[in-house]
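Summary of structural features
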Amino acid sequence: MPDPFAIERSPKVIVTVAPTGGMALKSETPNLPVTPDEIADDVVRCWNAGASVVAVHARRASDGEATCDPQVYRAINERIRSRCDIVINNSTGGGIHGDMIRPRDDGLWELIFEERIKGLEAGAEMCTLDSHTVAAKARGEKELVFATPPSRCRWLAEAMQQRGIKPEWEVFELSHILQDFTLLTSEGLDKPPYFVNMVLGAHRSFQGGLPYTPKILQMMVEHLPQGSIFNVSAIGAAQLPATTHALLLGGHVRVGLEDNLMYVHGVPATNVMLVERMVRIIRELGLEPATPAEARQMMGLAPQPATEPPAFAAPA
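Since the structure is predicted, the reported quantities are computational estimates derived from the model, not experimental observations. Per chain, the residues get numbers from 1 upward, laid out in the order the sequence is written. Two thresholds apply to this predicted model, a pLDDT of at least 70 for residue-level local features and 80 or more for giving and counting side-chain atom pairs, whereas whole-chain, interface and lining totals are computed over all residues. Just so you know, side-chain values use all the structure's heavy atoms and leave hydrogens and water out.

If you trace the four strands from one edge of the open sheet to the other, you get β7-β8-β11-β10, paired in mixed fashion. A single partner strand is all that each edge strand has here, and the edge strands are β7 (101-103) and β10 (134-137). Geometrically, the sheet is characterised by an average inter-axis angle of 30° between neighbouring strands, direction not taken into account. Pairing analysis gives three bridges linking β7 to strand β8 (residues 109-111), with the strands arranged antiparallel. Within the sheet, the bridge partner assigned to Pro-103 lies in β8 and is Trp-109. At least two DSSP bridges between two strands are needed for those strands to be called paired. Each helix is a run of H or I in the DSSP string that is no shorter than four residues. Each strand is a run of E no shorter than two, and both are numbered from the N terminus. Inter-axis angles, ranging from 0 to 180 degrees, are taken between N-to-C directions of lines fitted to C-alpha atoms, where helices are fitted over the stretch in contact.

Right under this line is the structure:
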């Protein structure tokens, strides 16, 4: 007899790795990949460990700070694509330094929308779509306005649709689900399945962000519109419990140095360490990490030529 309380979930889990992000600097951890070669090398290692999607942020060659320069994105994307078939997702958030910010007359800083959208032109299959406006607290005294009002949300959704790019709807709290995301998808500006990335634990840096608690994650999942599949990202120490909880709820997961620089307290992480731990947890729960081909099918992306993981070579 079927269990009426059983959670419906796919036996395959999409594992996203976010190797760089737009906040941390190389000076904070030498494990952070920032050049196109470093990022591609790390992504291939993570793909071989079980990651099926990569959330790419680009950095300037001059100082390792954030950029959305399409030439830099393209250099990263081409290096990754030449070596593996992982799903490539470029950020339209950018970062909190480098090319991405400028001062305002009122003493605040802003993330420059015209810079953020340049990642749309680099040939990625997916791009992030932050359908909300928030204020972020950067290092020092800078307060950054991350302005994506409804008109910009609509522009981004239309631009992605025109380019054949699948949005990753990035949400930090319940209103981000119930407002622009729900409205724009109901109008046909994305096709189901809608891929929703819930970012939790960012409440200390992003005004309006929520901490991770089991009740908060459950609430957000329960308010997703029909046709959604969800992914959970969490910041710092929240990464491990929140992503594990996501698996129990039938969701997908993101790990990586963009969100969490430590493996455990006092032990710096690498992207591969975080992916390998997540894959072990997935398998302990009787699930399996999705291959990139399976992830594309689950998210409604066009197939790509498959690439076999390199054979394991024992150390000499």
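Here we come to the pairing of strand β13 (residues 194-200). With seven of seven residues buried, β13 is to be regarded as a mostly interior element. Relative accessibility thresholds used throughout: buried, under 20% of the residue-type maximum; exposed, over 50%; partly exposed, between the two (1.4 Å probe, protein chains only). Side chains Tyr-194, Val-196, Met-198 and Leu-200 of β13 all project onto a buried face; the interleaved residues Phe-195, Asn-197 and Val-199 project onto the opposite face, where all are buried too. By the bridge criterion, four bridges tie strand β12 (residues 166-171) to β13 in an arrangement that is parallel. Bridge assignment links Trp-169 to a residue of β13, and that residue is Val-196. The definition of a right-handed crossover adopted here requires that, viewed with the strands pointing away, the path from the first strand over the helix to the second runs clockwise. What joins β12 to β13 is helix α5 (residues 174-186), and the crossover it makes is right-handed. Judged from the seven bridges that link them, β13 and strand β14 (residues 228-234) form a sheet pairing that is parallel.

On to the sheet that holds β12. In space, the eight strands of this closed barrel follow the order β2-β3-β6-β9-β12-β13-β14-β15, with parallel pairing throughout. Shown here is a sheet whose adjacent strand axes are inclined to one another by a mean of 30°, direction ignored.

The topology assignment puts His-132 in the loop between β9 (126-130) and β10. On the basis of relative accessible area, His-132 is assigned to the buried category, the value being 5%. Placed 20 residues apart in sequence, His-132 and Arg-152 show a C-alpha to C-alpha distance of 9.3 Å. Residues are treated as being in contact if the distance between any of their heavy atoms lies within 4.5 Å. In this structure His-132 touches Phe-146, Thr-148, Cys-153, Glu-170, Val-171, Phe-172 and His-176, once residues within four positions along its chain are discounted.

What follows concerns the pattern of salt bridges. We count a salt bridge whenever a side-chain nitrogen from Lys or Arg sits within 4 Å of a carboxyl oxygen from Asp or Glu. In the structure shown here, the tally under the stated rule is 21 salt bridges. Among the salt bridges present, the one from Asp-41 reaches Arg-83, with a minimum N-O distance of 2.6 Å. Here the residue Asp-41 occupies a position in helix α1 (residues 36-49), and Arg-83 occupies one in the loop between α2 (70-81) and β6 (87-90), the gap between them amounting to 42 residues. Residues Asp-99 and Arg-60 are paired through a salt bridge, measuring 2.8 Å at the closest nitrogen-oxygen approach. Here Arg-60 lies in the loop between β4 (58-59) and β5 (66-67) and Asp-99 lies in the loop between β6 and β7, a separation of 39 residues in the sequence.

By the secondary structure assignment, His-252 is in strand β15 (residues 252-255). Using a relative accessible area of 6% as the deciding quantity, one classes His-252 as buried. Not counting residues up to four positions away in its chain, the partners in contact with His-252 are Lys-12, Val-13, Ile-14, Phe-230, Asn-231, Val-232, Ala-246 and Met-298.

Residues separated by three or four positions in an α-helix point in the same direction, a consequence of the helix having 3.6 residues per turn. Those residues of helix α9 (residues 292-299) lying buried are Pro-292, Ala-295, Arg-296 and Met-299. The buried residues of α9 occupy an angular sector of 100° when the element is viewed end-on, so they sit on one face. Directions are taken from the helix axis to each C-beta atom, and the arc is the one they span.

Residues His-252 and Arg-254 line one face of β15 and the alternating positions Val-253 and Val-255 line the opposite face, and both faces are buried. Here strand β2 (residues 15-17) runs beside β15; their pairing, made up of three bridges, is parallel. Opposite Val-15, over in β15, you have Val-253 as the bridge partner. Relative to β15, β14 runs parallel, the two sharing two bridges.

Read these as layout, nothing more, since geometry by itself doesn't imply function.
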